[in-house]
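Inside the fold
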Protein chains: 2
Amino acid sequence: MQNSGSKPCSCPSLKLREVASMYFTAVAAFLVILVVALQGSVPQQSHFPYKVPLDPQGLLELSWNVSYAEQAVHFQLLVRELRFGLLFGMSDRGQFENADLAVLWSDGHSSYFGDAWSDAKGQLHMDSQQDYQLLGARRAPEGLYLLFRRAFSTCDPKDYLIEDGTVHLIYGILEEPVHSLQAINASALHGGLQRVQLLKPNISIPELPSDMKTMEITAPDVVIPSQETTYWCYMAELPEGFPKHHIIMYEPVVTAGNEALVHHMEVFQCTAHFDSFPHYNGPCNSKMKPDRLNYCRHVLAAWAMGAQAFYYPEEAGLAFGGPGSSRYLRLEIHYHNPLVFKGRRDSSGIRLYYTATLRPYDAGIMELGLVYTPVMAIPPGEDSFTLTGYCTDKCTQLALPAAGIRIFASQLHTHLAGRKVVTVLSRDGRERQVVNADRHYSPHFQEIRMLKEVVAVFPGDELITTCTYNTEDRSRATVGGFGILEEMCVNYVHYYPQTQLELCKSAVDPGYLHRYFNLVNRFNDEEICMCPQVSVPQQFYSIPWNTFNREVLKSLYGFAPISMHCNESSAVRFPGQWEKQPLPIITERLPEPVPRCPPAPEPQPAAPVPLQLDQLR
Amino acid sequence: MQNSGSKPCSCPSLKLREVASMYFTAVAAFLVILVVALQGSVPQQSHFPYKVPLDPQGLLELSWNVSYAEQAVHFQLLVRELRFGLLFGMSDRGQFENADLAVLWSDGHSSYFGDAWSDAKGQLHMDSQQDYQLLGARRAPEGLYLLFRRAFSTCDPKDYLIEDGTVHLIYGILEEPVHSLQAINASALHGGLQRVQLLKPNISIPELPSDMKTMEITAPDVVIPSQETTYWCYMAELPEGFPKHHIIMYEPVVTAGNEALVHHMEVFQCTAHFDSFPHYNGPCNSKMKPDRLNYCRHVLAAWAMGAQAFYYPEEAGLAFGGPGSSRYLRLEIHYHNPLVFKGRRDSSGIRLYYTATLRPYDAGIMELGLVYTPVMAIPPGEDSFTLTGYCTDKCTQLALPAAGIRIFASQLHTHLAGRKVVTVLSRDGRERQVVNADRHYSPHFQEIRMLKEVVAVFPGDELITTCTYNTEDRSRATVGGFGILEEMCVNYVHYYPQTQLELCKSAVDPGYLHRYFNLVNRFNDEEICMCPQVSVPQQFYSIPWNTFNREVLKSLYGFAPISMHCNESSAVRFPGQWEKQPLPIITERLPEPVPRCPPAPEPQPAAPVPLQLDQLR
């Protein structure tokens, strides 16, 4: 055995792999522990309320908790089948290059833990400052538990800054022994990524009424299709004569064993314009799906992997049932099945908690950001182009009650080119508060997120939503619109008390855009047809995208007046003049957040931590 | 005495001042010392090769040395008449707000030293990290010597980063006792600023030849006018038949007592186009000054306050004398006399060291940057607008020898709106080296500076000079040109071997600028006369400066082709096509320098250092 273990590993073969595997099993039997530098209060390290599978097979399972007092995250990683170690870490968008990694590796004899970073080629390097702090490791029947801690901000330039919003977690499996951390190339490993909101808000759970009832909207024994991506649609309905209730909470119901496959789920209410909707239970993109299901788009509940139960604030609930609202509900489940498992059965869904004792306020949902129109476009080949949508003082003055509204949750939305979304509240020209920000936004991870702080919005306030897009892989302009290759910039804010204002969005004035087309044509001596019958997308597609045309488009969007949609519904505007409105003027910006670097429990040396090969009691 | 000292100081009167002064004299008699935490090698702290008066009376005299090994500056401040203390420090442009300060203060009983910073209102605060490290204080017949040390970079956000180029030093006098540092408002004090190049290059002095001779070009017993600013002109001439020599060094000759008044001096050679020039000795702006003196503009030597002797590299010298060069020289002295002293006599000037044994190479001077033309303009109200001038690969390919040239010194030049100047060398589209950079450039302090590293420039290289301007105090556009309210962006580089290339500068293509004028007019619906007879400055002056017009001008300058001046002299271009040239493409920028924060001799506590009231032996 010892001999096999010391064989050179530079020419792996099936045989060597088997031998090494046997050897490592022997090593693993002895494996572990030692609690290294146990710090902080015990509860912080023993209670992990959040959990997510990292890989599609569920062999790696991450649990964590967040200590805002310590400004740190405690991780518990369950490794069900340990080979020669693994990588776990974070990077800007889930790539394995330029990533910040905690590494557990074995050379076949000993195991080590260390904080590392990968360079632009994926090559690993030991970090000079060890900020993933190993707190312990424990063998259990189900696998190896690794416990470690990481401060949000370390001020080490090689470390990832843990911020609000999406965090792209990555993992990689070491399938052969490695003699040093430097011998690992992260890009060459079997691995993957998982998106989570790591910094969950610390919200106290409101008291629930005694007359609370539950209703499960679940898929009826679906066979998950053996393909990577499926959006499954199932129609449910409320009992006839179901009176108005308040949804005050909801939570996921995930079939045991499918935790790694159920990516996200949403319950939509259908429009009251139709008296009835057909039944359906099948893929959302099937030709068999009745067209009428497209009229079921009013979000009642939304859940994504890693999210927990969603509680409404104690003063408000989401109305459903009663006259004027549809009895029909559509459940949509996104199954993510990259390993193409066959024949998996699933009955996941969402459990609604509701009450007939109505709370003081109905909750509402308002759309902020950009109107869905091609006049807002992104040139091709941009690595970070921003578009901004405004909810102006004039609109909030008209549509909000004097006592204001309270925004308590937010769901950010773009199509595939979206990379960042931020909404800021401005009052009297001064930015006051970030409503919601995700600097690592992914269109593949659109949760409804509770805000850490409820945002009060008063008449005259402005809500400014900025989206950042990447179009490096595109050869023609990306225009605004409904298509998946067109773009949106939306923040669905959840608030109370409900008002008539459903949309507060903007787009550039079309007349100014026309001047832009004229201008770039004249400037570049291009023969582009400016005939009025040519559509805005066609005009964008025909622009020769040099730096001048790109920059002047940016300048246009930053200067030209806007057309406001200050609407009661998608088609009905509030009365007033909403064309050629001036852009909000911002005289004072919020300062960029400066990462705090808390004096963490004494920084550890830049050396791997050996794990004692000794069975823990 | 004790009673007088403890009188409240909130209502100062002449009487109280006198009493306080008497009291402080008594205190001062005891004043000082204690060497606090003496660190580093003794020579670093005892030898101060650089010296500059801080105030116009010369009551405060600063000496310093630079340790590149320690990345620190050691200061010795001589205070000739100490009252109740003083402030000394640095700020971005010499303002007393947001400044980084070392403070010596007395409450009438005890004296303290501390590192402080002033906020946006000038109010002082003790710095949480004490980075001005007091090394000692010493009483001498001429005054009190304070010795202290400061690292270039402290990574304390409240501290000034000491960089290459100009540093704005500030000082303030405490004329009354203060009970705490927090009681001081820097803006309310009697004080001033002095510009110096703090980080002098560490250059070894070349060996000087035995046949070296000297020649003093000095003003003949001038009575310094009793006004703040005087540019004095004096014509000198070389002996008839003076053959070609090489100037290999020069140094200032400043009349004793006038060190604080002589701000800068330059020796210019006149053009050889005229056989003779009239004598003159008087103010440069006098109506009596012969016009012909305007043809004496070829710089032979330049010195500014704080500068030392200037040595040519041992392979090169600046040619003067001999056929084809004028015998006539013009000395220009800038007297800065803010206290309006009357009747001060001065015979300052420059001493040239020259040799008849010619060195291998003649040194030359080349102009990089922007052509003097109104097509390059800065909108009004800009806090930092940049303009860039190019010396293209095509020009260096044609005009430089295959073995290249060596740039060893540089003089940056703008008019009054200039705030920063940087020249970068680019090769094959990649920025390689900063030729010279001054992020705190002041048009009032234009030294010839030796480069820390000689820069080799080869055929095909590009030299890109970027100037940053502030026009916040202007209401109309600032165009390029010769006037003091027009702008320039020039780097006079001193190099060898001399070539025929005297000017390598650019400006935007005038046709593209015309398109810009058309474009902004159409876009803004403005009625601006585009008639060809309207001059470029007039067109710039009539632009309504909204954000769109500003940004499109920036985009134009970053995109439009350029007209190159690749010239043998200001009027003669090298043969070739120089109009509508493409802008150099930069694919790789130099990284922004990251300040190192050397683990300085243990950081000191955020508390004032009391000075022992004990006479030093």
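- If you look chain A up in an unreviewed UniProt entry, it shows as Dopamine beta-hydroxylase from Aegithalos caudatus.
- Word for word, the UniProt comment on chain A under Function (unreviewed entry) is "Catalyzes the hydroxylation of dopamine to noradrenaline (also known as norepinephrine), and is thus vital for regulation of these neurotransmitters."

1. Some words on unusual backbone geometry
- Cis peptide bonds are those with omega within 30 degrees of zero, and the linkage from tyrosine 496 of chain A to proline 497 of chain A qualifies with -10°.
- Tracing the backbone through its elements, the reader meets proline 497 of chain A in the loop between strand 34 (490–496) and strand 35 (503–508).
- In the Ramachandran plot, aspartate 221 of chain B falls in the positive-phi region, its phi being about 55° despite a non-glycine side chain.
- For lysine 580 of chain B, which is not glycine, the phi dihedral falls at a positive 50°.
- Within the fold, lysine 580 of chain B resides in the loop between strand 36 (562–567) and strand 37 (609–611).

2. With respect to the sheet that holds strand 31 (residues 448–457) of chain A
Residue and element names in this part refer to chain A.
- Across the sheet, which stays open at both edges, the six strands sit in the order 31-28-34-25-35-36 with mixed pairing between neighbours. Each edge of the open sheet carries a strand with a single partner, namely strand 31 and strand 36 (562–567). Strand-to-strand twist in this sheet, taken as the mean axis angle between neighbours without regard to direction, amounts to 25°.
- Pairing of strand 35 with strand 36, which is carried by six bridges, proceeds in the antiparallel orientation. Paired with lysine 505 across the bridge in strand 36 is histidine 565.

3. Things to note about the interface of chain B and chain A
- Listed by partner, the interface residues are 17 residues for chain B and 17 residues for chain A.
- When the buried area of chain B at its contact with chain A is split by residue, Arg515, Phe523 and Phe559 of chain B rank highest and sum to 39% of it.
- Our count for the chain B to chain A interface comes out at zero salt bridges.
- At the surface where chain B touches chain A, the tally comes to four residue pairs in polar contact (both at pLDDT 80 or more).
- Residues belonging to the side of chain B that touches chain A are distributed by class as follows: eight nonpolar, five polar and four charged.

4. Concerning helix 7 (residues 547–557) of chain B
Residues and elements named next belong to chain B.
- With respect to burial, helix 7 is a largely interior element, eight of its 11 residues being buried.
- Within helix 7 the residues assigned to the buried category are Phe548, Asn549, Arg550, Val552, Leu553, Ser555, Leu556 and Tyr557.
- For helix 7, the N-terminal cap is asparagine 546; the gap from its side-chain oxygen to the backbone nitrogen of phenylalanine 548 is 3.1 Å.

5. A short note on the environment of leucine 416 of chain A
All names here are of chain A.
- Relative to the assigned elements, leucine 416 resides in the loop between strand 28 (405–413) and strand 29 (418–427).
- Leucine 416 gets classed as partly exposed once you look at its relative accessible area, which sits at 32%.
- When sequence neighbours within four positions are dropped, the list of residues in contact with leucine 416 reads Pro443, His444, Arg474, Ile484, Leu485 and Glu487.

6. Comments concerning the relation of the copies chain B and chain A
- Note on the copies: chain B fits chain A at an RMSD of 0.1 Å, the axial shift is 0.0 Å, and the rotation between them is 180°. What the superposition gives is, in effect, a two-fold axis relating one chain to the other.
- Most of the interface of chain B is mirrored in chain A: 100% of its interface residues are interface residues there too.

7. Structural notes on a nonpolar patch on the surface
- There is a patch of nonpolar side chains on the surface, built from Leu416, Ile484 and Leu485 of chain A and spanning about 280 Å² of accessible area.
- Summarising the element assignment, isoleucine 484 of chain A is placed in the loop between strand 33 (478–479) and strand 34.

8. Side note on the environment of tryptophan 64 of chain B
Residues and elements named next belong to chain B.
- The residue tryptophan 64 is located in strand 2 (residues 60–67) in this model.
- Looking at tryptophan 64, the relative accessible area reads 0%, which means it is buried.
- When the C-alpha positions of tryptophan 64 and tryptophan 105 are compared, they lie 22 Å apart, and in sequence the two are 41 residues distant.
- With near-sequence residues (within four places) excluded, tryptophan 64 lies in contact with Phe48, Pro49, Tyr50, Lys51, Val52, Val73, His74, Phe75, Val196, Gln197, Leu198 and Lys200.
- Reaching out from tryptophan 64, the side chain makes a polar contact with the backbone oxygen of leucine 198 at a distance of 2.8 Å.

9. Here's the deal with the environment of leucine 553 of chain B
Residue and element names in this part refer to chain B.
- Note that leucine 553 resides in helix 7.
- What makes leucine 553 buried here is its relative accessible area of 0%.
- With 398 residues separating them in the primary sequence, leucine 553 and cysteine 155 have C-alpha atoms 36 Å apart.

10. Observations concerning the domain arrangement of chain A
Residue and element names in this part refer to chain A.
- According to the domain assignment, chain A contains domain 1 (50–200), domain 2 (205–359) and domain 3 (364–592).
- Listed by partner, the interface residues are 11 residues for domain 1 and 10 residues for domain 2.
- Summed over both sides, the interface between domain 1 and domain 2 buries roughly 760 Å², with carbon and sulfur atoms accounting for 68% of that surface.
- Counting across the domain 1 and domain 2 interface gives zero salt bridges.

11. Some details on the packing of aromatic side chains
- If you walk through the whole model with that rule in mind, you get 52 aromatic pairs over all chains.
- Aromatic pair tyrosine 68 of chain B and phenylalanine 152 of chain B: ring centres 5.8 Å apart, planes at 75°, arrangement edge-to-face. Within this pair, whereas tyrosine 68 of chain B is found in the loop between strand 2 and strand 3 (72–79), its partner phenylalanine 152 of chain B is found in the loop between strand 9 (143–151) and strand 10 (166–173), the two being separated by 84 residues in sequence.
- Assessed through its relative accessible area of 23%, tyrosine 68 of chain B is described here as partly exposed.
- With a centroid separation of 5.7 Å and 65° between ring planes, the pair formed by phenylalanine 242 of chain B and tyrosine 354 of chain B is classed as edge-to-face. Here the residue phenylalanine 242 of chain B occupies a position in the loop between strand 14 (229–237) and strand 15 (245–253), and tyrosine 354 of chain B occupies one in strand 23 (residues 349–355), the gap between them amounting to 112 residues. With respect to burial, phenylalanine 242 of chain B and tyrosine 354 of chain B carry one shared label: buried.
- Each member of the aromatic cluster is reached from another via a ring pair, and the members are Tyr250, Phe310, Tyr312, Tyr361, Phe408 and Tyr496 of chain A.

12. So, helix 5 (residues 510–524) of chain B
- Here helix 5 of chain B spans 21 Å end to end across 15 residues, near enough to the 21 Å set by a 1.5 Å rise per residue.
- For helix 5 of chain B, every residue scored as buried is listed here: Tyr512, Leu513, Tyr516, Phe517, Leu519, Val520, Asn521, Phe523 and Asn524 of chain B.
- Buried residues belonging to helix 5 of chain B abut helix 5 (510–524) and helix 7 (547–559) of chain A together with strand 35 (503–508), helix 6 (536–541) and helix 7 of chain B.
- Residue aspartate 509 of chain B occupies the N-cap position of helix 5 of chain B, its side-chain oxygen lying 3.1 Å from the main-chain nitrogen of glycine 511 of chain B.
- Just downstream of helix 5 of chain B lies aspartate 525 of chain B, where phi reads positive at about 55°.

13. Description of the state of the cysteines
- Taken as a whole and assessed by the stated rule, the structure comprises 10 disulfides over all chains.
- The partner cysteine of cysteine 395 of chain A in its disulfide is cysteine 566 of chain A, sulfur to sulfur 2.0 Å. Looking down the S-S bond of the cysteine 395 of chain A and cysteine 566 of chain A bridge, the torsion is 85°, so its handedness is right-handed. Here cysteine 566 of chain A lies in strand 36 and cysteine 395 of chain A lies in helix 4 (residues 393–399), a separation of 171 residues in the sequence.
- The residue that forms a disulfide with cysteine 270 of chain B is cysteine 296 of chain B, at a sulfur-sulfur distance of 2.0 Å. On the sign convention where negative means left-handed, the S-S torsion of about 95° between cysteine 270 of chain B and cysteine 296 of chain B marks this disulfide as right-handed. Pair noted here: cysteine 270 of chain B is in the loop between strand 16 (262–269) and strand 17 (281–283) and cysteine 296 of chain B is in the loop between strand 17 and strand 18 (298–304), with a separation of 26 residues, a long-range link.

14. Considerations on the sheet that holds strand 17 of chain B
Residue and element names in this part refer to chain B.
- The sheet built from five strands is open, its strands ordered 17-14-21-16-18 with antiparallel pairing. Of all the strands in the sheet, just strand 17 and strand 18 have a single pairing partner and so form its edges. Neighbour to neighbour, the strand axes of the sheet diverge by 20° on average, direction disregarded.
- In the sheet, strand 16 pairs with strand 21 (residues 328–336) via seven bridges, with the strands oriented antiparallel. Bridge pairing in strand 21 links histidine 264 to histidine 334.

15. A few points about the confidence of the model for chain A
Residues and elements named next belong to chain A.
- Taken over all residues, the pLDDT of chain A has a mean of 87, while the share at 70 or more is 88%.
- Note on residues 600–605: pLDDT is under 50 here. Beyond four places in sequence and across chains, it has 12 contacts.
- Across the whole predicted complex the pTM is 0.78, and at the interface the ipTM reaches 0.71.

16. Quick notes on the side chain of serine 555 of chain A
- Structurally, serine 555 of chain A can be placed in helix 7.
- If we skip the residues at most four places from it in the chain, serine 555 of chain A touches Phe548, Glu551 and Val552 of chain B.

17. Some thoughts on the side chain of asparagine 258 of chain B
Residues and elements named next belong to chain B.
- Topologically, asparagine 258 is positioned in the loop between strand 15 and strand 16.
- According to the relative accessible area criterion, asparagine 258 is buried, its value standing at 3%.
- Looking at asparagine 258, its side chain comes within polar contact range of the main-chain oxygen of arginine 345, at 2.9 Å.
- Here aspartate 346 takes part through its side chain, which lies 2.8 Å from a polar atom of the side chain of asparagine 258.
- Beyond its immediate sequence surroundings of up to four residues, asparagine 258 is in contact with Ile224, Arg344, Arg345 and Asp346.

Cut-offs applied
- Residues numbered from 1 in each chain as written.
- Chains lettered and ligands numbered in written order.
- Predicted model: local features only at pLDDT ≥ 70, side-chain atom pairs only at ≥ 80, totals over all residues.
- Heavy atoms only, no water.
- UniProt positions renumbered as here; feature names shortened; annotations may be inferred.
- Helix = DSSP H or I, 4+ residues; strand = E, 2+ residues; numbered from the N terminus.
- Pairing = 2+ DSSP bridges.
- Axes fitted to C-alpha atoms, helices over the stretch in contact; angles between N-to-C directions.
- Contact = heavy atoms within 4.5 Å.
- Buried area = accessible area lost by both parts, 1.4 Å probe.
- Salt bridge = Lys/Arg side-chain N within 4 Å of Asp/Glu carboxyl O.
- Polar contact = N/O pair within 3.5 Å; in protein donor to acceptor, adjacent residues only side chain to side chain.
- Nonpolar A, V, L, I, M, F, W, Y, C, P; charged D, E, K, R; others polar.
- Buried < 20%, exposed > 50% of the residue type's maximum accessible area, 1.4 Å probe, protein only.
- Least-squares fit on C-alpha atoms with pLDDT ≥ 70 in both.
- Patch = residues over 30% accessible without salt bridge, like charges linked within 9 Å, V, L, I, M, F, W, Y side chains within 5 Å.
- Areas by Shrake-Rupley, 256 points an atom, 1.4 Å probe, with all protein chains shown as cover.
- Domains from an automatic or database assignment.
- Phe/Tyr/Trp six-rings, centres within 6.5 Å; stacked < 30°, edge-to-face > 60°.
- Expected span 1.5 Å × (residues − 1).
- Disulfide = S-S within 2.5 Å.
- pLDDT = per-residue confidence, 0-100.

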